[in-house]
Amino acid sequence: MSADAFEQRSLSAGIVGAAVKQVTRKVPQGEPPPWPANAELQVVGKDVPRMDALDKVTGRARYTFDVQLPGMLYARTLNSTLPHARIKSIDTSRAEKHPGVRAVHVLDRLLMAAELRDPGDEAREPYPIVRFTGQPIAAVAATSARAAEAALALIRVEYEPMPHVTEFEAAIDPGSPPVFPGPTEQQATAGGGGAAKGLPQKGNLRGPSKGGSRGEIERGFKEADVVVEGEYRTQVQTHTPLEPHGVVADWRDEELTIYASTQHVMSVRDEAAEIFKLPKEKIRAISDYTGGGFGAKYGIGNYGTLAIHLSRKARAPVRLVLDRREEHVSVGNRPSTLQRLKIGAKRDGSLTAIELHSFGTGGVAAGAGVGMCHHSMYPCPNVSIEHYDVFTNAGPCAAFRGPGQTQGIFAFEQAIDAVAARLGIDPVAMRDKIDTRDADDVRARAAERRIGAEKIGWSRRRAPGSDAGPIKRGIGMAQSMWPYIVNSYTTCEIRIAGDGTVEAFCGTQDIGTGTRTVFAQVVAEELGLRAEDVRVHVGDSRFPPGPPSGGSRVTSSLTPAARNAAHAAARDIASRVAPLLKAPPDELIFKNGRIERRGDSKTSLGFAEALRRAGIETLVHRADRRDDYEGYARKAGELNISPHAIGGVQFAEVCVDTQTGAVKVERVVAVHDCGRPINPKLVESQILGGVTQGVSYALYEDRRLDAATGVQLNANIDQYKIVGSRETPQIEVHLIELLGGQSSTDARGVAEPANVATAAAIANAFFNATGKRIYTLPMTPANVLAALRAE
Amino acid sequence: MSVATQHPPGREQLGTFGPEPQPLSLLVNGEVRTALADPATTLVEFLRDALGLTGTKIGCDRGACSACTVWIDGEVAASCMTLALDARERNITTIEGLSREGELHPVQQAFIDHDALQCGFCTPGMVMSCAQLVNRNPDCTLDDVKTAISGHLCRCGTYPNIFKATLAAAAASRKGQAK
């Protein structure tokens, strides 16, 4: 059968229980028949308990943090104490002699930061230029962490300080000290990120990038009946996964093994292979469990590179796990933004012009954009986008749950709310009017608005600032949009042993999203087994290629490949078992642990018994993720972006104390779609997490640097405030089941869609409570009181 | 200098400790476990690095995230803020010792049932605090649960399910007692 052979099929598409219709799609031959709605399936669509929950509640789950190997050394990193400097010399001789020290390594190349387009713009230096306080310089491996720490103090670094700039306002001044002496590029890593190539750069301003611009902006404003302008600011947020970045590197003559706390074992392997000039097959990257990532854990990183060097030198495994300060400072953050946004609209709400002039500050890294919402969410003929990345002497930004879009939607959905308020149109009706592209996310949001409005009690929403006293309550809503992404190079392998053991393999990883569980469910569904009957293996670069756990793309990429492999295995088994049951193979179905003739449950065999009697020893089936039936709007490397996005609508109810400036989010109703939910309970957990992080971003989190030294003032958990149990609002999750007719499972992601609209929904609720816009995040008392005093 | 004067009456005989590493015996999960430690060794370091009990995590190493929560004489404690030598003559329970003879504590089971975990790194600490709450006060309210874990950080945002799970475990435990 050729991979290019297609057939026309009639498939169901639409929202289950509301509007499902038949569509015709060009489907690759050999695709499994479409699944019916979840209600008619046995395992998929059910709240199967998370497969690794038992290991997690008993402490048996082994994270990279917990890997302990015989002879393992502990490494600590020496970090720059200055924000910008040349390193004239480094003397490690005393550290090398310190008791317990087995190896010292000085970093010769800095990863994760932007690099000069023309290296000739900078004089050749013996060591990488220091561009932020906390930049890793060297590391020591010793028999104990304490010995390594003591040895660090013995390394002598001679710096030649250079002028620095840490604050956005100062950095955009043409006279400010340049972080880089010439134009830069930021390469994407295997996990994504990076910035558009070849953009102009003047001083610390890199850009503009104008992606998404169209039409004639001036004409658009002329045609508008109302124009709304605002200047929105968002802060730097750090990822703060509970398990910090870290690796255990074990360099042997024959193989390098890297245990990594990562969102992509393949990127750990690939980057290590490139840096150490090793063939990929000599490197094995393993991640049984990863204690949170949220976008920052891709690739080998400076810490990983150091650990590998140390392991090679010491000829022993080396554990290098960042401490909490290093975690905050040096391995990623969500860039801050300034978004000047101007929107023009007709009296009926239709948009005539969207103009965005934005800046993003990703420290020493580029790629600090503000997402695609401004130009792609709602139809508008005239759009002008100008975005600049601004360099500062601060730690590099990295992707962070809905990168760009979370910042962008905070501004954009408030601006849409402001247009609605000016026109006297209800915010939900406003979205009904403008959210009209022909795409699944649009149809999903239309349904989600109805559900959300009913659940939150939208009809009791009052005019802005209705409460007479100092405590003011309000309700607001905002919409989510995130691309539906499919990763090429996703392959699943199913191995079935003669005793009925089913194993499933994929080199993706489960960072806490439930990947193991949905993988097992899909395989179990095809084989008529229970999810717990399937042994899932992920988190190992030796397995068939799998997607990174980022971009909300694991479930969408993995499950069709998993289903197709399991389906092929089932048909293979059926053909071998058919003679035993004296039935044609295509009449055999797999159900409740048995193989039976359709419509004749008496003609059946237990799964394991059937395999045994058919004389099956081992069956191995592999399948790749095929392209979506309707194809993609864009392809970038292994990343495929569907013309259909993922929707989501969130409603928030807040309480603002106008005397103290304290904001409390009392309730959030989050209504979401993710194609076919494979495990609604796990989807709900993802959404709870997205909302919680969104509340945290909106109200509390704020990385603060000391401008004089570049030192982060709150690089710990007690001072970097994150939502805790006391601040968690009541969160209600509602999920729709949306069939797209795009793949053999029709599953899509939800991690990022669940996060991107929360801050905007809270901000719109703030407006409804107080009658004032909150343009600046986080909504701390100082920012709130300033907003209440404005105008 | 004796460090014993800092301790409750009856512990003076424990004597001096350090400065060089020396054998330290602690009662962990019902067993006396002995390993080398120096006076600066924290309880969590001793549990993880000396005894290999890696279920107890370190999130901040300064008592701010509670990932390192264990029980000392049945009370929750931050093991990163406790010196190992201060745990002598105390009864220490870690996540590995919470289930008895393979039977999960009701809070562990409820965490599974209510999906009260995602990445799972904060989970051992969360379970220890919630289990202690349910043991101490099976009539606990939502507000009690929030208070019990107010010092814990979960970055994945599992709080709502932790509330549900703990209240469900408390209800199950009340039922068990009524029998």
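Rules and cut-offs
Residues numbered from 1 in each chain as written. Chains lettered and ligands numbered in written order. Predicted model: local features only at pLDDT ≥ 70, side-chain atom pairs only at ≥ 80, totals over all residues. Helix = DSSP H or I, 4+ residues; strand = E, 2+ residues; numbered from the N terminus. Rg over C-alpha atoms; globule rule 2.2 N^0.38 Å. Pairing = 2+ DSSP bridges. Axes fitted to C-alpha atoms, helices over the stretch in contact; angles between N-to-C directions. Contact = placed C-beta atoms within 7 Å. Parallel < 35°, antiparallel > 145°, perpendicular 65-115°, else oblique. Left-handed = near helix turned anticlockwise from the far one by under 90°. Nonpolar A, V, L, I, M, F, W, Y, C, P; charged D, E, K, R; others polar. Domains from an automatic or database assignment. pLDDT = per-residue confidence, 0-100. Expected span 1.5 Å × (residues − 1). Buried ≥ 20, exposed ≤ 12 C-beta atoms within 10 Å, placed from the backbone.

### Overview of the overall build of chain B
Each helix and strand in chain B was counted, giving 5 helices and 5 strands. Secondary structure elements in chain B, listed N-terminal to C-terminal, are β-β-α-β-β-β-α-α-α-α. On C-alpha atoms alone, chain B measures out to a radius of gyration of 17 Å, which is about the 16 Å that the 2.2 N^0.38 rule sets for 179 residues. Seen through its C-alpha atoms, chain B measures out along the principal axes to roughly 50 × 35 × 30 Å.

### With respect to the sheet that holds strand β14 (residues 246–251) of chain A
Remark on secondary structure: sheet strands pair via backbone hydrogen bonds, oriented parallel or antiparallel. Residues and elements named next belong to chain A. Pairing in this open sheet of 7 strands is mixed, and the strands run β5-β7-β3-β17-β14-β15-β16 from one edge to the other. A strand with exactly one partner marks an edge of an open sheet, and here the two such strands are β5 (101–106) and β16 (283–286). Pairs of neighbouring strands in the sheet enclose a mean axial angle of 20°, with direction left out of account. Pairing of strand β15 (residues 256–260) with β16, which is carried by 4 bridges, proceeds in the parallel orientation. Each bridged residue has a counterpart across the sheet, and for Y259 the counterpart in β16 is I286.

### Comments concerning the sheet that holds strand β19 (residues 336–345) of chain A
Residues and elements named next belong to chain A. Read from one edge to the other, the open sheet built from 6 strands follows the order β10-β11-β21-β20-β19-β12, with strand pairing classed as mixed. Strands with a single pairing partner mark the edges of an open sheet, and in this sheet they are β10 (201–202) and β12 (226–234). Across the face of the sheet, helix α10 (residues 405–423) comes into contact with β12 and β19 while running at roughly 150° to β12.

### A few points about the packing of helix α6 (residues 265–276) of chain A against helix α7 (residues 301–314) of chain A
Residues and elements named next belong to chain A. Taken N-terminus to C-terminus, the directions of α6 and α7 make an angle of 55°; their axes are 11 Å apart at the nearest point. Between α6 and α7, the angle falls in the class oblique. Pair α6 / α7 crosses with right-handed handedness. Residue-level inspection shows V268, A272, I275 and F276 of α6 in contact with α7, the latter providing G304, T305 and I308. In terms of residue class, the contact of α6 with α7 is built from 5 nonpolar, 2 polar and no charged.

### A look at the interface of chain A and chain B
Contact with chain A, which involves 43 residues of that partner, is made by 40 residues of chain B. With 7 residues, the single largest contributor to the side of chain A that touches chain B is helix α16 (residues 680–699) of chain A. For the side of chain A that touches chain B, a count of residues per class yields 16 nonpolar, 16 polar and 11 charged.

### Some words on the domain arrangement of chain A
In many reports, interface size means the accessible area that the parts give up when they come together. Residues and elements named next belong to chain A. Domains assigned within chain A are domain 1 (423–486 + 629–791) and domain 2 (489–626). The distance between the C-alpha centroids of domain 1 and domain 2 comes to 37 Å. Contacts between the two partners involve 20 residues from domain 1, matched on the other side by 19 residues from domain 2. When contributions to the side of domain 1 that touches domain 2 are tallied by element, the ones reaching two or more residues are β23 (482–487) and α16.

### What to know about the domain arrangement of chain B
Residue and element names in this part refer to chain B. The assigned domain composition of chain B is domain 1 (4–97) and domain 2 (106–178). Taken over C-alpha atoms, the centre of domain 1 sits 24 Å from the centre of domain 2. Listed per partner, the contact involves 13 residues of domain 1 and 11 residues of domain 2. Classifying every residue of the side of domain 1 that touches domain 2 by side-chain character gives 7 nonpolar, 5 polar and 1 charged.

### Looking at the confidence of the model for chain B
Taken as a whole, chain B shows an average pLDDT of 92; of its residues, 91% reach a score of 70 or greater. Across residues 1–10 of chain B the pLDDT falls below 50, and counting only partners more than four positions away or on other chains, this stretch makes 8 contacts in the model.

### Quick notes on α10 of chain A
Residue and element names in this part refer to chain A. Its 19 residues give α10 an end-to-end C-alpha distance of 26 Å, which sits within 8% of 27 Å, the value for a rise of 1.5 Å per residue. Across the 19 residues that make up α10, a large majority, 17, are buried. Where α10 terminates, the next one or two residues include G424, which has phi positive at roughly 70°.

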